[in-house]
Amino acid sequence: MPTVDDILEHIGEFNFFQKQTFFLLCLLSAAFTPIYVGIVFLGFTPDHRCQSPGVAELSRRCGWSLVEELNYTVPGPGPEGQCLRYEVDWNQSALGCLDPLAGLATNGSALPLGPCAQGWLYDTSGSSIVTEFNLVCADSWMLDLFQSAVNVGFFIGSMSIGYIADRFGRKLCLLITILINASSGVLMAISPNYTWMLIFRLIQGLVSKAGWLIGYILITEFVGLRYRRTVGIVYQVAFTVGLLVLAGVAYALPHWRWLQLTVTLPNFCFLLYYWCVPESPRWLISQNKNAKAMKIIKHIAKKNGKPLPGSLQSLRPDEEVGEKLNPSFLDLVRTPQIRKHTLILMYNWFTSSVLYQGLIMHMGLAGSNIYLDFFYSALVEFPAAFLIILTIDRIGRRYPWAISNMVAGAACLASVFIPEDLHWLRVTAACLGRMGITMAYEMVCLVNAELYPTFIRNLGVLVCSSMCDIGGILTPFLVYRLTDIWHELPLVVFAVVGLIAGGLVLLLPETKGRTLPETIEEVENMKRSGKNKEKMIYIEVKKLDTPLN
């Protein structure tokens, strides 16, 4: 009996239909960027100070510059000057223009300090959720909660929506996630207070990442074997393109509500995919819906301008399937090889998230220009994608993946011992680490789908990738709390985590040149790929020849 890959060889593995669908789904990938990293612009924290009644009038009367006003009226730089103010009545006429506090105390530091009861002044021409809701000082944890809510949503959504997608189909689940994501994004942009904004951001997290991964699953199931790795990589490159676009849009729209609305509204256009993107024929076959699968296959053949051979005009369920298979979480750990795949993939998803987000936090948040820093850091991801494309067919998946993790870990470890005065070398090591972990992130997405049979493929990808959401929740604490102990301690942790991930990847089977597994038995037979290679090729040729004759 022919597989879907066998049929695609006749009707087109990457022809007009696949290219059209691929382009449409890449737009979906790029649109996910504002949700994943939008906090950089939505929640940026500008320099700020307490708002003290009377200071502005005194400054105007004395003709102070901004620097003079800060020197005379703010307790000092850092947290003290941002979160505390002098308990002084700045409206009293006795205050002079030259060192106005001199007559109140012999030493300015002896003056009583109090909280910013009148709010804050922010040194920015735009706005963010920080400036609008005053998420600074004692309330700065509310910004962390905002970002954690997205990752909590990613985690819950991946676990639940993944099951629904494998049970009820990729297309239905994709359209539902698009609708909910777009609606909650608009509602977040018009939220009247922090609580409602947090709720709608959580809802976005519940559906947005799951929708992105379902799009990834769909495109890998539509194309043939030879193009599967390329579309998987370019689908993630589309996310990088979204990073560049987001930097430009955020620069043009420095007010967070307009920015949120602008990056959300295009998502409603994706509802048109109801007429453009069909259901996955692989999923339909795994559910014994062969008539619907054949209808879609004929549609693909017509779009591609290819005839469908008469010997492939009908489909039967695999003999191994017997009856309709319903995915279960237990299927991810029931058999030895799938259990090993699940545990290693979960750890690597966790590692990729921690290092990817952690390196950005550790290196990029102190930049003077948030837009340029964000733009340049995104550019580093393109060479990573090109390296994968150059090596993945020549060497395979496993070794480039393992080496990229080890390079990221080694770069973090090297950064610990590079002196501060060798700034160029530290930047080089940081970029090398960013490239390495970007490669690892893209590789885990690609290989994850290749290590599970069809009926639990979507569930497997979403459950394993949920560990990157756990990493996203923990990363701010790893970076900021460990930095308080020792500035380079987070890099030591990243190095250890990355090197371990690289070693574990070597325990996985090589998937280069393999068709997507259809059954659990096929996955279990990956264990000894070298010894079983001849047998596997023989079986595949036999399955090809039987219906074609």
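For the structure, see preceding data.
Turning to the overall build of the protein chain, a few remarks are in order. Check the secondary structure of the protein chain and you find 25 helices and four strands. For the protein chain, long-range pairs separated by at least 24 residues make up 84% of all intrachain contacts whose partners lie at least 6 apart in sequence.

Where helix α12 (residues 225–252) contacts helix α18 (residues 370–379), the two axes come as close as 9 Å, and the packing angle between them is 170°. When the axes of α12 and α18 are compared, the pair comes out roughly antiparallel. Where α12 abuts α18, its residues Thr240, Leu243, Leu244, Leu246, Ala247, Ala250 and Tyr251 lie against Tyr371, Phe374, Phe375, Ala378 and Leu379. The class makeup of the residues in the contact of α12 with α18 is 11 nonpolar, one polar and no charged.

Let us now look at the nonpolar core. Ile129 and Trp401 are the most contacted members of the largest nonpolar core, which totals 136 residues. Among the elements that take part in this core, helix α11 (residues 194–222) stands out by supplying 14 residues, more than any other. With sequence-adjacent residues up to four places away left out, tryptophan 401 is seen in contact with Leu345, Asn348, Ala440, Met443, Val444, Val447, Val505 and Leu508. Residues Val55, Val88, Leu95 and Leu101 belong to the second largest nonpolar core, which totals 10 residues.

Considering the arrangement of structural elements, one finds cysteine 83 in helix α7 (residues 79–83). When sequence neighbours within four positions are dropped, the list of residues in contact with cysteine 83 reads Cys50, Gly114, Pro115, Cys116, Trp120 and Cys137.

This part is about the packing of helix α20 (residues 398–417) against helix α21 (residues 423–450). For the pair α20 and α21, the least separation of the axes is 8 Å and the interaxial angle reads 155°. Classed by the angle they form, the pair α20 and α21 counts as roughly antiparallel. The crossing of α20 and α21 is left-handed. For the pair α20 and α21, the contacting residues are Trp401, Ser404, Asn405, Val407, Ala408, Ala411 and Ser415 in the first and Arg426, Ala429, Ala430, Leu432, Gly433, Gly436, Ile437, Met439, Ala440, Met443, Val444 and Val447 in the second. Its residues placed into classes, the contact of α20 with α21 shows 13 nonpolar, five polar and one charged.

Turning our attention to the state of the cysteines. By the definition in use, this model includes two disulfides. Put simply, cysteine 50 and cysteine 116 are joined by a disulfide, and their sulfur atoms are 1.6 Å apart. The disulfide joining cysteine 50 to cysteine 116 has a torsion of about -40° about its S-S bond and is therefore left-handed. A residue pair is termed long-range when its members are at least 10 positions apart, and cysteine 50 in strand β1 (residues 48–50) and cysteine 116 in the loop between β3 (113–115) and β4 (120–122) qualify at 66 residues. Grouping residues by exposure puts cysteine 50 and cysteine 116 together as buried.

A separate point is the packing of aromatic side chains. Inspection of the entire model under this criterion finds 20 aromatic pairs. Seen from their ring centres, phenylalanine 32 and phenylalanine 154 are 5.8 Å apart, and the 50° between their planes marks the pair as tilted. Taken as a pair, phenylalanine 32 in the loop between α2 (16–31) and α3 (33–37) and phenylalanine 154 in helix α9 (residues 141–168) lie far apart in primary sequence, 122 residues in all. Residue classification places phenylalanine 154 among the buried residues on the basis of a relative accessible area of 1%. One aromatic cluster is present, formed by Phe32, Tyr36, Phe154, Trp212, Tyr216, Tyr235 and Phe239 through successive ring pairs.

Right, let's get into the pattern of salt bridges. Overall, the coordinates contain eight salt bridges when judged by the stated rule. Taking the shortest distance from any N to any O, the salt bridge between arginine 226 and glutamate 13 comes out at 2.7 Å. With arginine 226 in helix α12 and glutamate 13 in the loop between α1 (4–11) and α2, the pair connects residues that are 213 residues apart, well separated along the chain. One salt bridge connects arginine 257 with glutamate 132, and the closest N-O pair in it is separated by 2.5 Å. Here the residue arginine 257 occupies a position in helix α13 (residues 256–264), and glutamate 132 occupies one in helix α8 (residues 129–133), the gap between them amounting to 125 residues. The exposure class assigned to glutamate 132 is partly exposed, which follows from its relative accessible area of 35%.

A few words now on α21. Each turn of an α-helix holds 3.6 residues, which means side chains three or four residues apart point in the same direction. Given a rise of 1.5 Å per residue, 28 residues ought to cover 40 Å, and the 41 Å separating the end C-alpha atoms of α21 matches this to within 8%. For α21, a buried count of 20 out of 28 residues is recorded, marking the element as mostly surrounded by other parts of the structure.

Time to look at unusual backbone geometry. Positive phi, normally seen in glycine, also occurs at asparagine 134, with a value near 55°. As for its placement among the helices and strands, asparagine 134 is situated in the loop between α8 and α9. Taking relative accessible area as the criterion, asparagine 134 reaches 25% and is therefore assigned partly exposed. Of note in this structure, asparagine 288 is not a glycine but carries a positive phi near 60°. Within the secondary structure layout, asparagine 288 lies in the loop between α15 (281–286) and α16 (290–304).

A word on the side chain of glutamate 13. Overall, the relative accessible area of 8% leaves glutamate 13 in the buried class. One polar contact links glutamate 13 to arginine 226, side chain to side chain, over a distance of 2.7 Å. The residues contacting glutamate 13, other than those within four sequence positions of it, are Leu8, Gln18, Phe222, Val223, Gly224, Leu225, Arg226 and Tyr227.

The rules behind each value
Residues numbered from 1 in each chain as written. Predicted model: local features only at pLDDT ≥ 70, side-chain atom pairs only at ≥ 80, totals over all residues. Heavy atoms only, no water. Helix = DSSP H or I, 4+ residues; strand = E, 2+ residues; numbered from the N terminus. Contact = heavy atoms within 4.5 Å. Axes fitted to C-alpha atoms, helices over the stretch in contact; angles between N-to-C directions. Parallel < 35°, antiparallel > 145°, perpendicular 65-115°, else oblique. Nonpolar A, V, L, I, M, F, W, Y, C, P; charged D, E, K, R; others polar. Core = buried A, V, L, I, M, F, W, Y, C linked by side-chain atoms within 4.5 Å. Buried < 20%, exposed > 50% of the residue type's maximum accessible area, 1.4 Å probe, protein only. Left-handed = near helix turned anticlockwise from the far one by under 90°. Disulfide = S-S within 2.5 Å. Phe/Tyr/Trp six-rings, centres within 6.5 Å; stacked < 30°, edge-to-face > 60°. Salt bridge = Lys/Arg side-chain N within 4 Å of Asp/Glu carboxyl O. Expected span 1.5 Å × (residues − 1). Polar contact = N/O pair within 3.5 Å; in protein donor to acceptor, adjacent residues only side chain to side chain.

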